[in-house]
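# Survey of secondary and tertiary structure
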Amino acid sequence: MSYRQGLYPLLKKENLAKNIYSFTILCPQIAEEAVCGQFVHVKAQGFSLRRPISLCGIDKQNGTIRIVFEIRGEGTKVIAGLREGELVDILGPLGNGFTLLSPDKKAIVVGGGIGVPPMLQTAAHYGENATAIIGFRSANAAILERDFKTLGCDTRLCTDDGTMGQKGFVTQALETRLNQPADIIYACGPGPMLKGVVALAKQHGIKCEVSLEERMGCGVGACLVCACKTVKDGQEYMKHVCKDGPVFDSGEVVFE
Ligand SMILES: Cc1cc2nc3c(=O)[nH]c(=O)nc-3n(C[C@H](O)[C@H](O)[C@H](O)COP(=O)(O)OP(=O)(O)OC[C@H]3O[C@@H](n4cnc5c(N)ncnc54)[C@H](O)[C@@H]3O)c2cc1C
Ligand code: FES
């Protein structure tokens with residue numbers, strides 16, 4: 001794993017929804033090496049442990065990365081307080097990204113809530129050949145729909161309460177989409193959502209990769225904080241979400 005740490009200028013800060021921010025950061029070396037599905041570890045001033053945030057966008061030409069994150073606690077609140085022009089302390093790119101097929105294959109990306117951002121760069125690889133199924137609690141938490149549409153993706157937005165898009169969970173929209181052929185499914189979101197997506201992928205015999213979230217310490221495989229249970233050939237193994245993931249083949253993941 002090749003990564004670097006540095007202070008990089010925050011070029012653009014946007015407020016996408018209540019407590020959800022988009023940062024575009026100038027860091028050419030990280031952008032050059034990054035692949036979709038990886039994450040960066042961001043330092044919040046005053047905290048010793050960094051906060052993991054997925055790469056939502058990678059622009060190798062302009063040397064920028066984009067992260068989209070929600071304020072969950074004190075760390076993300078401090079990070080959200082940074083202003084354009086200030087420096088962001090970043091360690092990255094970290095972890096393993098998604099397996100990408102040829103761009104002419106049919107891909108489905110499924111994101112739930114703050115699991116939607118890592119799906120954007122993955123969908124960009126497939127453009128019009130991607131179906132983006134993105135779900136939120138309510139209209140006021142919905143983000144990035146326009147970005148997926150701009151990529152040419154068949155974008156299907158769902159809300160739990162029906163205040164925007166289709167009413168219901170992303171798994172229902174996925175079930176409908178699977179009436180047509182697909183080559184691969186990628187997913188990131190809450191555990192129950194991932195479990196539902198993985199079950200549908202298995203039922204339809206489609207390769208599926210999921211991005212997992214675990215609390216993290218070091219982010220580079222040294223502290224064991226992010227251990228998760230996986231299975232291969234009937235044998236159970238403990239793996240590190242930071243170093244072995246955060247992307248795993250769906251057949252490997254043990255949902256507790
Ligand atoms: C690989 C990876 C990628 C991630 N990508 C994104 C992203 O793109 N956008 C985004 O908004 N968030 C993302 N997260 C979650 C993000 O790291 C946490 O929300 C953040 O660390 C919380 O820090 P805090 O100091 O604000 O909150 P804390 O005060 O540490 O915690 C506040 C709340 O957040 C929850 N929390 C803390 N850490 C995590 C975690 N790792 N995963 C889930 N919930 C957590 C806690 O249970 C608690 O309820 C990612 C996490 C991982 C592991
Ligand atoms: S966060 Fe330290 S080993 Fe994964």
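Residues numbered from 1 in each chain as written. Chains lettered and ligands numbered in written order. Predicted model: local features only at pLDDT ≥ 70, side-chain atom pairs only at ≥ 80, totals over all residues. Heavy atoms only, no water.

Turning next to the packing of aromatic side chains. Remark: the centre distance and the inter-plane angle together describe each pair of aromatic rings, the angle taken between the planes. Inspection of every chain in the model, using the stated rule, returns 4 aromatic pairs. A ring pair is formed by Y21 and F69, whose centres lie 6.4 Å apart and whose planes are at 35 degrees; its orientation type is tilted. Taken together, the residues span a long stretch of sequence, with Y21 in strand β2 (residues 20-26) and F69 in strand β6 (residues 64-70) at a distance of 48 residues. There is no split in this pair, since Y21 and F69 are both buried. (Phe/Tyr/Trp six-rings, centres within 6.5 Å; stacked < 30°, edge-to-face > 60°. Helix = DSSP H or I, 4+ residues; strand = E, 2+ residues; numbered from the N terminus. Buried < 20%, exposed > 50% of the residue type's maximum accessible area, 1.4 Å probe, protein only.)

Ordered by their spatial adjacency, 7 strands build an open sheet running β11-β10-β9-β8-β12-β13-β16, and the pairing between neighbours is mixed. One side of each edge strand has no neighbouring strand; the edge strands of this open sheet are β11 (166-167) and β16 (247-249). Inspection of the sheet shows strand β12 (residues 184-188) paired to strand β13 (residues 207-211) by 5 bridges, in the parallel sense. Residue pairing in the sheet places C188 in a bridge with S211 of β13. Helix-sheet contacts for helix α3 (residues 117-126) involve β8 (107-112), β9 (130-136) and β12, and the interaxial angle to β12 is about 160 degrees. Contacting β8, β9, β10 (154-159), β11 and β12, helix α5 (residues 170-177) crosses the sheet at an angle of about 160 degrees to β9. (Pairing = 2+ DSSP bridges. Contact = heavy atoms within 4.5 Å. Axes fitted to C-alpha atoms, helices over the stretch in contact; angles between N-to-C directions.)

Core analysis: the biggest nonpolar cluster contains 31 residues, and V110, L174 and I185 have the highest contact counts within it. For this core, the secondary structure elements donating two or more residues are β7 (87-94), β8, α5, β12, α6 (191-204) and β13. I20, A123, F136 and C188 belong to the second-largest nonpolar core, a separate cluster that totals 28 residues. (Core = buried A, V, L, I, M, F, W, Y, C linked by side-chain atoms within 4.5 Å.)

The 7 strands are arranged β4-β3-β7-β1-β2-β6-β5 in an open sheet whose pairing can be described as antiparallel. Both edges of this open sheet fall to β4 (51-54) and β5 (57-59), since each of them pairs with a single strand only. Along the sheet, successive strands turn relative to each other by an average axial angle of 35 degrees, direction set aside. Inspection of the sheet shows strand β1 (residues 4-17) paired to β2 by 6 bridges, in the antiparallel sense. Bridge pairing links N15 to Y21 in β2.

This brings us to the site of ligand 1. Looking at ligand 1, there are 19 residues lining it, with R51, P52, E70, T76 and E213 nearest. Here a nitrogen atom of ligand 1 and a backbone polar atom of S54 are 3.0 Å apart. At a separation of 2.3 Å, an oxygen atom of ligand 1 approaches a polar side-chain atom of T76. Mapped by element, the contributors of at least two residues to the shell around ligand 1 are β4, β6 and α2 (74-80). (Near = heavy atom within 4 Å. Polar contact = N/O pair within 3.5 Å; in protein donor to acceptor, adjacent residues only side chain to side chain.)

What follows concerns the pairing of β2. Regular strands place their side chains on alternate faces of the sheet. The buried fraction of β2 is high, at 6 of 7 residues. In this structure, the hairpin formed by β1 and β2 is closed by a connection of 2 residues, where N19 is found at a positive phi of approximately 65 degrees. Pairing between β2 and β6: 7 bridges, direction antiparallel. Across the sheet, F23 pairs through a bridge with I67, a residue of β6.

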